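The lines below spell out each chain.
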Amino acid sequence: MIKLDRRILTHFDFLQLFLIIPIIVLSYILVSEANEILANKQIVYFGVGFLAFCLSFLLPIRRIEWVIPMFYWVCIVLLLSVDLFGVSRLGARRWLEIPFVHFTLQPSEVMKPAFLLMLAYLIKRSPPGEDGYGLKDFLRLSFYILLPFALILKEPDLGTALILLLVGYTILFVIGVNKKIWICIFLAIGFCTPVLYENLHDYQKKRIYDFVSKEPSYHVKQSIIAIGSGGLKGKPKDEATQTHFKFLPIATSDFIFAYNIERFGFYGALGLLSFYGALIAHLLSLNYGLKNDFFTQVVATGIAALIFIYVGVNVSMTIGFAPVVGVPLPFFSYGGSSFVTFMVLFGILQNLLTFRFDPTYRSVKIKF
């Protein structure tokens, strides 16, 4: 059991809360203005997310590290089960229906914390040398990155698959891999890109075509109009016509960044991106104080990479600089699965930071 006392406050990273809470508050304001019903549901998601944060924060992760491989492989089995028993929506099979309660589970979301924890577990057990990982270790770690990538890609869910792929190799880049390996990878990607494009699904090719064509898609057009109409300071709630007259599609989730600019203008966008930028920089800065703690380094770097990719893709999508994909803004877009997943990830990170000096909370070896 973990004893909760005043010493926890000494190592708890409150700066993360100060950077995340304003994002959540602004999100709720926008969602409540656009749709009160969705705002009420979002409160429920906040409650579930807070509970998930508390559970992951109180879980003695370092003492039960031996469970992590089992957690990873259970998630792999769930991804395999999607192909056999999954529920299809809009041409994609990504969900499993939980018997008797009629709720659905998206294994790709559960895979994200399992993915980061597994890489942290492997890297901690076999840290890189002075010149970084060699080819053998790189291929071994790549197996654990490419396996969920391939299974999620098959659903198909290209966006989530690519995010996990980029996060995995970003972690390896930060932790350390021999430079020659990276050069070979970049050359291979350049040669294989035409083949990868030909194997995409038709709807994925259409998104790329819409992106490179002279005329942007309807969604992007309306998003750009909303952004342009916001000006520097934005509009009052009653004058945000792009959103309230339903011209801006999916204004509370995928295109909520455009709605934020319509309401609060350039200054609102700058403020939101500043919070994200400060959060990413803070997470990466933790690596300097955790030089010998590879486990926490991997988790902190992985979360920073996730946020950077999510924000970069979503913002680029809304202004026409990237194809339209279902990538939400962390803690900002309406929805439960992404919010709860990030709350779990930050709960894990806070756990690793808060209890890292507790001698009763170190990892233990389990003998079978």
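The structure this text deals with has already been given above.
Residues numbered from 1 in each chain as written. Predicted model: local features only at pLDDT ≥ 70, side-chain atom pairs only at ≥ 80, totals over all residues. Heavy atoms only, no water.

Draft legend 1. Looking closely at the overall build of the protein chain. Counting its regular elements, the protein chain contains 14 helices and three strands. By residue count, 48% of the 368 residues in the protein chain fall in the buried class. Residue pairs at least 24 apart in sequence account for 73% of intrachain contacts in the protein chain once pairs closer than 6 positions are excluded. For the protein chain, the exposed surface amounts to about 19,400 Å²; the carbon and sulfur share of it is 68%. (Helix = DSSP H or I, 4+ residues; strand = E, 2+ residues; numbered from the N terminus. Buried < 20%, exposed > 50% of the residue type's maximum accessible area, 1.4 Å probe, protein only. Contact = heavy atoms within 4.5 Å. Areas by Shrake-Rupley, 256 points an atom, 1.4 Å probe, with all protein chains shown as cover.)

Draft legend 2. Broad picture of the packing of helix α5 (residues 107-125) against helix α14 (residues 337-354). At a minimum axis distance of 9 Å, the contact between α5 and α14 shows a crossing angle of 20 degrees. Between α5 and α14, the angle is such that the two are roughly parallel. Remark: the crossing between α5 and α14 carries right-handed chirality. Note on element contacts: α14 touches α5 through Ser337, Ser338, Thr341, Val344, Leu345 and Ile348, opposite Glu109, Lys112, Pro113, Leu116 and Leu117. (Axes fitted to C-alpha atoms, helices over the stretch in contact; angles between N-to-C directions. Parallel < 35°, antiparallel > 145°, perpendicular 65-115°, else oblique. Left-handed = near helix turned anticlockwise from the far one by under 90°.)

Draft legend 3. Structural view of helix α12 (residues 256-285). Its 30 residues give α12 an end-to-end C-alpha distance of only 29 Å, which falls more than 12% under 44 Å, the value for a rise of 1.5 Å per residue. A bend of about 125 degrees at Phe264 is the largest found in α12. (Expected span 1.5 Å × (residues − 1). Bend = angle between axes of the 7 residues up to and from the residue.)

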